[in-house]
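Residues per chain are reported as follows:
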Amino acid sequence: MKAVHLEDGRVTIRNVARPKRPAGFALIRMLAAGICNTDLELQRGYYGFRGTPGHEFVGEVVEADTPTLVGKRVVGEINLNCGACEWCVRGLGRHCPKRTVLGIVKHPGAFREFLTLPERNLHIVPASVRTEHAVFTEPLAAACEILDQVKIPKDAPVAVLGDGKLGLLIAQVLHAHGRRVQHFGRHRSKLSITKAAGIETSLTSRLPRKAFDYVVEATGSPDGFKDAVSMTRQRGTVILKSTVHGLVTLDTAPVIVDEITLIGSRCGRFEPALRLLRSGRVRVDAMIFDAFPLDAAPQAFARAAEKGVLKVLLRPYLRLNAANRRRRSPLLRRRKERIHTHKRDREQHSRHRRRTDCSKDHSSRSCKRDSRSRSSRDSRSRRPSRHTRTRGHSSHARIRRTRHTHSHAPRHSIRERRRRTRARHPRKPELHHPNKRVRRRRNRHRR
Ligand SMILES: [Zn+2]
Ligand SMILES: [Zn+2]
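Rules used in this analysis
- Residues numbered from 1 in each chain as written.
- Chains lettered and ligands numbered in written order.
- Predicted model: local features only at pLDDT ≥ 70, side-chain atom pairs only at ≥ 80, totals over all residues.
- Helix = DSSP H or I, 4+ residues; strand = E, 2+ residues; numbered from the N terminus.
- Buried ≥ 20, exposed ≤ 12 C-beta atoms within 10 Å, placed from the backbone.
- Contact = placed C-beta atoms within 7 Å.
- Core = buried A, V, L, I, M, F, W, Y, C linked by C-beta atoms within 7 Å.
- Domains from an automatic or database assignment.
- Axes fitted to C-alpha atoms, helices over the stretch in contact; angles between N-to-C directions.
- Parallel < 35°, antiparallel > 145°, perpendicular 65-115°, else oblique.
- Left-handed = near helix turned anticlockwise from the far one by under 90°.
- Nonpolar A, V, L, I, M, F, W, Y, C, P; charged D, E, K, R; others polar.
- Pairing = 2+ DSSP bridges.

Colleague: I'm lost on the overall build of the protein chain in this one. Help?
Modeller: The helix and strand inventory of the protein chain stands at 15 helices and 18 strands. The burial tally for the protein chain puts 36% of its 447 residues in the buried class. A separation of at least 24 residues holds for 66% of the contacts in the protein chain among residues at least 6 apart in sequence.

In structure tokens:
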């Protein structure tokens, strides 16, 4: 089987033996995995890592001691604990001193075709949650951990500092739980994701001083800590989420004078994260920027390290054929384009209606006001020329006089029309089914 190998900052693909399943463990076929900042840090050489990285994944159980688990879609907690020590008994196996960590400490990670994890680490993914969304369970659990650690009152103002992947999730989680969140970040494009969820957002160029009782620091930069402290009110709480490597210089005076509580926060329980994903109250779709097959892991790592790129997925069953290459363009940009063309269609139609009192709905196909400027039919025609537009209007008026349903648009063959429909509604990577026969049936038209 194929496995990603990381050594001295280089990402390669190796052919390795399928892992042996110890008792109490499950053998899992990886369906999708996410590249996290930790993985990029491992690549940069932190922890002296060597081996297969990856800890955010969704998989299908192939073999397990518990027969009911087999065939189920699962996500897995990343800390493999002893189950017997003081911490494990208290249900805090995440702090077990003997623990190993999937893809980080002494347990090969999820960026390979098959992996093993203890059955007690696994959680079944609800059927309504899509595989590529369930990849976010682990970072979402880390965001939910804040509410497990700190009792934040409903009316208290909370600031989330940082608009990276974790910051975006934290702001959405706190907002979904009814807290008054203000999200600070450096990128308008990233903040637009939380803004769409109804969260108040601001750029970090103007940070308020002593304004919040609770500040979550998720910038991932050494300066974030100082900013977080300066934004916190007297006797307030700073929750530290970003692991910064190297030393952070800390001026303890404001912390002591204002009696600020500092709380470190890391991994969390998976149950609340899966509940949130099922409820649809956290939007992760806009955060997926790209998907690569396992063979293309080096490119996937490079893409994930690019500026402004959020989540990049690895999907072993994704084929890099022409259709996929088209799909690999950033999802966000495509969605914006669609909204834009829809708006333009509506404007064009209202102008056209004023001139011709057409009673059709603007999206109606039978209205032939101008088949060429209907941008939603052909996304390549960015802006129709004036010539086309005027011709469209006059020709429509002429058609109306005879019969409304008559069309001057060229009638394409059924094959061509299908091709156009497919180009307009590209298939989701979800259809890359692990079952070979199903996959072949769904991909038939691509050959
Ligand atoms: Zn991670
Ligand atoms: Zn333990």
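Having put the structure on the table, let's press on.
Colleague: Got a minute to help me understand the nonpolar core in this structure?
Modeller: Soluble globular proteins tend to pack their nonpolar side chains together in the buried interior. If you look at the biggest cluster of nonpolar residues, it comprises 90 residues, and the most contacted ones within it are Leu 140, Val 160 and Ile 170. Looking at which domains feed residues into this core, each of domain 1 (2-136 + 284-318) and domain 2 (140-264) gives three or more. If we ignore the near neighbours within four places in the chain, the residues touching Leu 140 are Leu 169, Val 173, Ala 273, Leu 276, Leu 277 and Val 282.

Colleague: What should I look at first to understand the packing of helix α4 (residues 137-149) against helix α9 (residues 270-279) in this one?
Modeller: Each pair of packed helices can be summarised by the angle the axes make with each other and by the distance between the axes. Contact geometry for α4 and α9: axes closest at 8 Å, N-to-C directions at 110°. With respect to each other, α4 and α9 are oriented roughly perpendicular. Crossing handedness for the pair α4 and α9: right-handed. Packed against α4, whose contacting residues are Thr 137, Leu 140, Ala 141 and Cys 144, the element α9 presents Phe 270, Pro 272, Ala 273, Leu 274, Leu 276 and Leu 277 at the interface. Its residues assigned to classes, the contact of α4 with α9 comprises nine nonpolar, one polar and no charged.

Colleague: How should the packing of α4 against helix α5 (residues 165-176) be read in this particular structure?
Modeller: Running from N to C, α4 and α5 cross one another at 50°; their axes reach a closest spacing of 9 Å. Accordingly, the angle class assigned to the pair α4 and α5 is oblique. As for how α4 packs across α5, the hand of that crossing is right-handed. Residues Pro 139, Leu 140, Ala 142, Ala 143, Cys 144 and Ile 146 of α4 form the contact with α5, whose participating residues are Lys 165, Leu 166, Leu 169, Ile 170 and Val 173. Split by residue class, the contact of α4 with α5 holds ten nonpolar, no polar and one charged.

Colleague: What am I meant to see in the sheet that holds strand β13 (residues 200-203) here?
Modeller: Paired through their backbone hydrogen bonds, the strands of a sheet run either parallel or antiparallel. Read across the open sheet, the six strands follow the order β13-β12-β11-β14-β15-β16; overall the sheet is parallel. Of all the strands in the sheet, just β13 and β16 (261-264) have a single pairing partner and so form its edges. Taken over all neighbouring pairs, the strand axes of this sheet differ in orientation by 20° on average, direction set aside. The pairing of strand β12 (residues 180-185) with β13 spans four bridges and is parallel. Within β13, the position partnered with His 183 by the bridge is Thr 201. In the packing of helix α6 (residues 188-196) onto the sheet, the strands contacted are β12 and β13, and the crossing angle to β12 comes to about 170°.

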